[in-house]
Amino acid sequence: MIYNLKTNDVPEELDYHLCIVGGGPAGINIAKEFAGLKTKVLLVESGEFENTSEQENLLDGKGSTDFVEGYGNGYLQHSRLRFFGGASNHWGGMCRPLDEIDFENRDGIKNIGWPFSKSMLEPYYRKAEALLKLGSFKELENREYDWGSFEASNLPLKTPIFQFSALNFGEVFKEDIVNAENIDLIINANLTNIKLTSYNNHVEELVLKALNGNQIKVKPDLFVLACGGIENPRIMLNCNDDIENGIGNDHDLVGKYFMEHPHYPQSAQLLYAENEPLDDTPLYKIIDWIQDTEYATKRYLGLGEEVLKKEGLLNTGFDVIDTKDYDELGDENSTDLAIKHFSDKVWNKKEAPLNLTQTLFLRGEQLPKETNRVELIDRKDQLGLKRVHLVYKVSEEEIANYQRSLEWIAKGFGKQLRGRLRLDLSFDSDMVGGAHHMGTTRMHNNPRKGVVNEHCQVHGIKNFYIAGSSVFPSSGFANPTLTILALSFRLVDHLKAQLNHGK
Amino acid sequence: MENEKQSISRRKFFIIIGATLGASVIGGSYYQNWGPWDLLTKPHLLENNFGSIEKNLFLIGKTYLKQEGALDENSLTQKLKWIENELNNSKELYESLKGKVQSDFENGAFVYLDKWILAATEAHLCGYYYLKFG
């Protein structure tokens, strides 16, 4: 059944076994996994089935960095969607699981690592792959990259794989949700308050409000907040009737440790030989999407886990794009061309001169830092909730770390006299983000270090769970959706166990 | 001090000439490849290898020398001592240079030059070449 809080007569109070707030990929996935079961589920969507300007207005806030302003002063709005399907209405479809190292604590990198290893999440990654109609990453990554005559075996280089899915969760699963007898969907319903029981350890009631003022209360046995990496902390910080600092914020962590995936489209130029046959060009098969199986795959360039650990490097991936001829490097009097001619001579590239340049498009992992954060400002939206201020900056420490990764690529090509690198990355380089909002309700089993535990349960509040990338304690460089879905499948198992236990 | 330098140069000269003559007796015609008389860098070896791209070497060398932290002539001379010590002909220089470049990359001995990552040996060679012939 679909309720519309704006227009329909909706009972003033509703009881559900499970209430999921947020109709994006995580929320929809969790809801549909309960279809046909005895569990009574309410899925709450703040928007409708199309984008509306009044919903977009709710996303407005304040950004404080060049990066945020770089989105046309609208990062908070442009990087999010507030209608059924959520971010899957505009996602780029790039899919990849996190790497094993992304789950690990790493020497020299503070606050990084998950409370469990990747193997814990593997079965759920398989489910997420099936949902998105992707091939098995495990199987695909076992296929060695053919480097041709480039001797990569003793280099720290790897070629991580991405797959593509354009699944629009709103369109694909709307019917499943609506037709499930045990699931209700309510649209135009914005979560404006979370009421706790007197001991502040249990969510008793959720207040949902439409922009026209209609309001209802929901009493859930279990509650999942799945509104994204900016809205999740915003709601928790705004709900301060029972606890002054906001719900789940006993240790002042909610909203902190915001992470993005900084994208530097022009991080470096790689000058190398275009060998004959072309297949023998080391990065030839990285450049494009390849349909060499029933799945389209795209490889990136990256560094092996051993060197990442040894050198304390962030896990960073490089897309290889934008092929140019060498003479586009500069004019005859430029050092660029001088270095090209010199390299050809010294490296004896008469047969295969260094004539090809590729741009390395960097996608970086970030250091989880509490200074990057979502906080509230006094300006309120139409619902009376305080808007957010996103305080965010890529640090010089991170830039230096990315530079060191690029130097390892320069090493790999240089020691074989196969290519050399011009590093264009600096603190002033143009940077965009991936619209990936992570870390703001981070996962850690110690309540002093994380907002949720390994089951995505908010510390100290038994029936309150969080889904989505806000729980990521570290981010790797992979797009987050596949991991969001894997985590949501894992959460479904936990919720089912809790509900069965309760009965 | 000048006399001391001249004395060292003279001593080097005789050592190398001796070695070269020895080598030429044993191995043939290397003797005639020796040019006058920069004993350290054997300029003809450089010219044989890089003469056709001299302009490029000058530009790289000049840019390198302008950089903060660039080695001065004495230090460059020390760094490139391997040319004097090990090499007898253009081919040897060429192969040895390639090996040094590879080893620099292997060991992370980089020099940044206009954002390019060069093996330190390359930057030193170009800098020295510019100082000598630029």
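Preceding this paragraph is the structure being described.
Residues numbered from 1 in each chain as written. Chains lettered and ligands numbered in written order. Predicted model: local features only at pLDDT ≥ 70, side-chain atom pairs only at ≥ 80, totals over all residues. Heavy atoms only, no water.

1. Remarks on the interface of chain B and chain A
In step 1: Each partner contributes residues to the interface: chain B has 29 residues there, and chain A has 27 residues.
In step 2: Surface buried jointly by chain B and chain A totals about 2,700 Å² across both partners, of which 66% is contributed by carbon and sulfur atoms.
In step 3: Between the two partners, chain B and chain A, sit ten residue pairs in polar contact (both at pLDDT 80 or more). (Contact = heavy atoms within 4.5 Å. Buried area = accessible area lost by both parts, 1.4 Å probe. Polar contact = N/O pair within 3.5 Å; in protein donor to acceptor, adjacent residues only side chain to side chain.)

2. So, the nonpolar core
In step 1: One finds Ile30, Ile186, Ile194, Leu208, Val224 and Phe464 of chain A to be the most contacted residues of the largest nonpolar core, which totals 93 residues.
In step 2: With ten residues, helix H14 (residues 481-502) of chain A is the largest single contributor of residues to this core.
In step 3: Apart from the residues lying within four places of it in its own chain, the contact partners of Ile194 of chain A are Val203, Glu205, Leu206, Phe223, Ile235, Cys239, Asp242, Ile247 and Phe464 of chain A.
In step 4: Core analysis: the second largest hydrophobic core is formed by 88 residues, Leu313, Val388 and Leu423 of chain A together with Leu76 of chain B among them. (Core = buried A, V, L, I, M, F, W, Y, C linked by side-chain atoms within 4.5 Å. Buried < 20%, exposed > 50% of the residue type's maximum accessible area, 1.4 Å probe, protein only. Helix = DSSP H or I, 4+ residues; strand = E, 2+ residues; numbered from the N terminus.)

3. Remarks on the pattern of salt bridges
In step 1: Under the definition given, this model contains 32 salt bridges over all chains.
In step 2: Lys415 of chain A is paired through a salt bridge with Glu106 of chain B; the nearest N and O atoms lie 3.1 Å apart. Here Glu106 of chain B lies in helix H6 (residues 90-107) and Lys415 of chain A lies in the loop between helix H13 (396-414) and strand S19 (419-423), a pairing that spans two chains.
In step 3: Among the residues examined, Lys415 of chain A registers a relative accessible area of 16% and is labelled buried.
In step 4: On the basis of relative accessibility, which here comes to 43%, the residue Glu106 of chain B falls in the partly exposed class.
In step 5: Through salt bridges that share partners, Arg80, Arg82, Glu231, Arg234 and Asp381 of chain A make up one connected network. (Salt bridge = Lys/Arg side-chain N within 4 Å of Asp/Glu carboxyl O.)

4. Overview of unusual backbone geometry
In step 1: One non-glycine residue, Tyr257 of chain A, adopts positive backbone phi at about 70°.
In step 2: Looking at where Tyr257 of chain A falls in the secondary structure, it is placed in the loop between helix H9 (231-238) and strand S12 (263-272).
In step 3: Given the relative accessible area of 9%, Tyr257 of chain A is considered buried.
In step 4: You will see that Lys115 of chain B, though not glycine, has its phi angle at about 75°, which is positive.
In step 5: Along the chain, Lys115 of chain B turns up in the loop between strand S1 (110-113) and strand S2 (116-119).
In step 6: Lys115 of chain B gets classed as partly exposed once you look at its relative accessible area, which sits at 47%.

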